[in-house]
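Coordinates in review
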Amino acid sequence: MRVTCRSCPSETGEPVYEQTAPIKPCCAEMARRWGSLVCFGIAGARRSTSREVNLYVPQPQANGKAVLEVVPVAFCPWCGEAVKTYRMK
Ligand SMILES: [Zn+2]
């Protein structure tokens, strides 16, 4: 699966990235989970300093709340297709 992104100027001078085009999901599960369980950069943020595709795994804590563990993925966890990020100019 191919994800395209580009860098944008930011107020801090640190490069930030945004996805430039909707994905073409590699499988039905990816289509269903993109944007929630798996997404480009940081869940819920349009731009982020991360330019990887990340998987968000809820980890239950002792106090009953869950935190999200962020795992960069190079392959689709469901069908195994390579997930590649392309940086556009
Ligand atoms: Zn897939």
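Residues numbered from 1 in each chain as written. Predicted model: local features only at pLDDT ≥ 70, side-chain atom pairs only at ≥ 80, totals over all residues.

1. A word on the confidence of the model for the chain
The cut-off we apply is this: Each residue gets a pLDDT score, which is the predictor's confidence in that residue and runs from 0 to 100. Numbering of helices and strands starts at the N terminus; helices are DSSP runs of H or I of at least 4 residues and strands are runs of E of at least 2.
Looking at the chain, pLDDT values average 92 and 100% of them are 70 or higher. Averaged over each element, pLDDT in the chain is lowest for strand β4 (residues 47-48) (88) and highest for helix α1 (residues 28-33) (97).

2. Thoughts on the pairing of strand β6 (residues 66-72)
In plain terms, the rule: Exposed residues have 12 or fewer other C-beta atoms within 10 Å of their own C-beta, buried residues have 20 or more, and residues in between are partly exposed; the C-beta atoms are placed from the backbone. Between any two strands, at least two bridges found by DSSP are needed for them to pair.
For β6, the buried fraction is low: 0 of the 7 residues fall into the buried class. By the bridge criterion, 7 bridges tie strand β5 (residues 53-60) to β6 in an arrangement that is antiparallel. Within β6, the residue paired with Val57 across the bridge is Glu69. Linking β5 to β6, which pair antiparallel, is a turn of 5 residues; within it Gly64 sits at a positive phi near 95 degrees.

3. Overview of the sheet that holds β4
Backbone-to-backbone hydrogen bonds pair the strands of a sheet. The strands run either parallel or antiparallel. The 4 strands lie next to each other as β4-β2-β1-β7, forming an open sheet whose pairing is mixed. Pairing within the sheet leaves two strands with one partner each, and these edge strands are β4 and β7 (84-87).

4. Digging into the environment of Pro9
Examined against the element boundaries, Pro9 turns out to sit in the loop between β1 (2-8) and β2 (16-19). Residues Pro9 and Thr85, 76 residues apart in the sequence, show an inter-C-alpha distance of 19 Å.

5. What to know about the environment of Gln19
Which entries qualify depends on this criterion: Here contacts are defined at the residue level, using C-beta atoms placed from the backbone and a cut-off of 7 Å between them.
With respect to the helices and strands, the residue Gln19 is situated in strand β2. Residues Gln19 and Thr49 lie 30 residues apart in sequence; the distance between their C-alpha atoms is 12 Å. Not counting chain neighbours up to four residues away, the residues in contact with Gln19 comprise Val3, Thr4, Cys5 and Phe40.

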